[in-house]
Amino acid sequence: MGVKDQLQLLDTAVVGEVEVFCGPVVMVLEYETEDGEIKQAPSGQDGLVEVVPGDDGISPVIVAPKRLRGHELRTGFNAWWTNKVIDSADGHKTFSRRRVVLVMANKDGGAHVEPTGPDADYLKFSADGHGGMFSLDASAGLESSQGFQPYLGNAAAETVRQIAWELTETFNADDAIAAWLAIN
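Residues numbered from 1 in each chain as written. Predicted model: local features only at pLDDT ≥ 70, side-chain atom pairs only at ≥ 80, totals over all residues. Heavy atoms only, no water.

Student: Got a minute to help me understand the overall build of the chain in this structure?
Tutor: Looking only at helices and strands, the chain features five helices and 12 strands. In the chain, buried positions account for 37% of the 184 residues. Sequence separation of 24 or more characterises 58% of the internal contacts of the chain that already satisfy a separation of 6 or more. For the chain, the exposed area adds up to about 10500 Å²; of that, 54% sits on carbon and sulfur atoms. (Helix = DSSP H or I, 4+ residues; strand = E, 2+ residues; numbered from the N terminus. Buried < 20%, exposed > 50% of the residue type's maximum accessible area, 1.4 Å probe, protein only. Contact = heavy atoms within 4.5 Å. Areas by Shrake-Rupley, 256 points an atom, 1.4 Å probe, with all protein chains shown as cover.)

Here is the structure:
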């Protein structure tokens, strides 16, 4: 279409936030380290997905928000496509949109599947999201992983859904693309 370099893509990534959306309530979780330092707990809200209560109203589920979240930017294609804005379960800002889309398309059953398959980071991200864990057992302590399980859902699939939503919203707001679509 010849407009990629002129596009200002919608970027809905949350970078560095530690919020948990619980219906209309937003919480920031804090914890105290052994030496008395207060820190904010990672929540899985970083990047392109959110964690919301599941159908049972309790179990956290990873979803693509597919909406504006109040911190959006417009950016050029190269920055939007290649900047690392997505946390993995094992490290901050491990994934770019490009990496998630291409691994899913080329190695995780998308367009075709390469014999090597997805790398370990991607598989862990798909299964565990940002590494958030929950337990429905009130007696489970934070010092033990017993009884805890990862947030429900596939973080990679939900991330790609949000990327597709960002593109759709970008295209809908761009006059040059609207004109091109009108004649094609």
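Let's pick the thread back up.
Student: Honestly, the side chain of Glu158 in this entry has me stumped. Any pointers?
Tutor: Take Glu158: it is sitting in helix H4 (residues 155–173). Residue Glu158 is classed as buried on the basis of its relative accessible area, which comes to 16%. Leaving out residues up to four positions away in the same chain, Glu158 has contacts with Val49, Ile62, Val63 and Ala64.

Student: Please explain the pattern of salt bridges as it appears in this structure.
Tutor: If the charged atoms of two oppositely charged side chains come close together, the side chains can form a pair. Inspection of every chain in the model, using the stated rule, returns six salt bridges. Arg97 is the salt-bridge partner of Asp11, the closest N and O atoms lying 2.7 Å from each other. Residue Asp11 is found in strand S1 (residues 9–11), and its partner Arg97 is found in helix H2 (residues 97–107); the two are separated by 86 residues along the sequence. By the burial criterion, Asp11 is buried, and Arg97 matches it. As a salt-bridge pair, Arg67 and Glu50 come within 2.7 Å of each other at their nearest N and O atoms. In this pair, Arg67 is assigned in the loop between strand S7 (60–63) and strand S8 (73–75) and Glu50 in strand S6 (residues 50–53), connecting sequence segments 17 residues apart. (Salt bridge = Lys/Arg side-chain N within 4 Å of Asp/Glu carboxyl O.)

Student: Sorry if this is basic, but what is going on with unusual backbone geometry here?
Tutor: Trans peptide bonds make up most of the peptide bonds, and negative phi angles are found at most residues other than glycine. The phi dihedral of Lys66 is positive, around 50°, even though this residue is not glycine. If you trace the backbone, Lys66 turns up in the loop between S7 and S8.

Student: Honestly, H2 in this entry has me stumped. Any pointers?
Tutor: Each turn of an α-helix holds 3.6 residues, which means side chains three or four residues apart point in the same direction. Regarding H2, the residues found buried are Arg97, Val100, Val103 and Met104. Projection of H2 onto a plane perpendicular to its axis shows the buried side chains occupying an angular sector of 150°, all on one side. For H2, the elements touching its buried residues are S1, helix H1 (77–82), strand S9 (84–86), strand S10 (95–96), helix H3 (120–128) and H4. Just beyond H2, the residue with positive phi is Gly109, at close to 85°. (Arc of directions from axis to C-beta.)

Student: Quick question: what am I supposed to make of the pairing of S6 here?
Tutor: Two faces make up the sheet, and in a regular strand the side chains alternate between them. In this structure, S6 lies alongside S7, joined through four bridges in antiparallel fashion. Each residue of the ladder has a partner; that of Pro53, found in S7, is Pro60. Connecting S6 to the antiparallel partner S7 that follows it, the hairpin turn spans six residues, and Gly57 within it adopts a positive phi of roughly 80°. (Pairing = 2+ DSSP bridges.)

Student: Which parts of the structure should I look at to understand the nonpolar core?
Tutor: A general trend in soluble globular proteins is that nonpolar side chains are found buried together. Among the nonpolar cores identified, the biggest contains 25 residues, and Ile62, Trp80, Ile86, Phe95, Val100, Tyr122 and Phe125 are the most heavily contacted of them. When contributions to this core are tallied by element, the ones reaching two or more residues are H1, S9, H2, H3 and H4. Here this core gets four residues from one element, more than from any other, and that element is H4. (Core = buried A, V, L, I, M, F, W, Y, C linked by side-chain atoms within 4.5 Å.)

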